[in-house]
Amino acid sequence: MQRGLQSILGYASYAAMVTEFLDRVRQALRTPGVTAGALAKRAQLHRNTLYGWDKPEWNPSAETLRRLEPLIVEIEGTGRLADEDVAPCPFPAEALAPS
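A brief look at the structure comes next. (Residues numbered from 1 in each chain as written. Predicted model: local features only at pLDDT ≥ 70, side-chain atom pairs only at ≥ 80, totals over all residues. Heavy atoms only, no water.)

Structural notes on the overall build of the chain
Summing up its helical and strand segments, the chain has four helices and zero strands in all. Along its sequence from the N terminus, the chain presents helices and strands in the succession α-α-α-α. By the burial criterion, 24% of the 99 residues in the chain qualify as buried. If you take every contact in the chain between residues at least 6 apart in sequence, the share linking residues at least 24 apart comes to 59%. (Helix = DSSP H or I, 4+ residues; strand = E, 2+ residues; numbered from the N terminus. Buried < 20%, exposed > 50% of the residue type's maximum accessible area, 1.4 Å probe, protein only. Contact = heavy atoms within 4.5 Å.)

Okay, structure coming up:
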């Protein structure tokens, strides 16, 4: 009986961690400038993988969560999702300002 209780408690702990991470994903996707499409692309996921992220029944795979985790940490730390597809501008901002 003890073994069954331990597995239930382990599952409950795991389920709570997943639920917390899903909340973090949803919060990150509410960050201005962060889109589900850009997040999926950076995580190397199909763009439809994050479809329905705002619905309670959204149930991503463990692999999806694994790929999202470092990006969610990035968004939480910087307030944005860096765009790796855009090279930094080689000109100083002053050179681009209208005269």
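Examining the side chain of Arg26
Note that Arg26 resides in helix α1 (residues 2-29). One buried charged residue, Arg26, remains without a salt bridge, the closest side chain of opposite sign being Asp23 at 4.1 Å. With residues near it in sequence (within four places) discarded, Arg26 still touches Trp53, Asp54, Lys55, Pro56 and Trp58. (Lys, Arg positive; Asp, Glu negative; His and termini not counted. Salt bridge = Lys/Arg side-chain N within 4 Å of Asp/Glu carboxyl O.)

Comments concerning the pattern of salt bridges
Per the counting criterion, the structure on display carries five salt bridges. With a closest N to O distance of 2.5 Å, Arg66 and Glu63 form a salt bridge. In this pair, Arg66 and Glu63 both sit in helix α3 (residues 62-78), three residues apart, roughly one turn of the helix. Of the charged contacts, one joins Glu63 and Arg67 as a salt bridge, the two residues approaching to 2.9 Å between their closest N and O atoms. Of this pair, Glu63 and Arg67 both sit in helix α3, four residues apart, roughly one helical turn. A relative accessible area of 29% places Arg67 in the partly exposed class. Counted as one network, the salt bridges with shared partners bring together Glu63, Arg66 and Arg67.

Examining the nonpolar core
Val25, Leu39, Trp58, Leu68 and Ile72 are the most contacted members of the largest nonpolar core, which has 19 residues in total. Looking at this core, the elements with two or more residues in it are α1, α2 (36-42) and α3. (Core = buried A, V, L, I, M, F, W, Y, C linked by side-chain atoms within 4.5 Å.)

Considering α3
The terminal C-alpha atoms of α3, which comprises 17 residues, lie 25 Å apart, in line with the 24 Å expected from a rise of 1.5 Å per residue. When the local axis directions of α3 are compared, the greatest deviation, roughly 35°, occurs at Glu69, which is followed within four positions by the proline Pro70. Restricting attention to buried positions, one finds in α3 the residues Thr64, Leu65, Leu68, Leu71, Ile72 and Ile75. Looking one or two residues beyond α3, the residue adopting positive phi is Gly79, at roughly 80°. (Expected span 1.5 Å × (residues − 1). Bend = angle between axes of the 7 residues up to and from the residue.)

Purely spatial values, then, with no claim about function.
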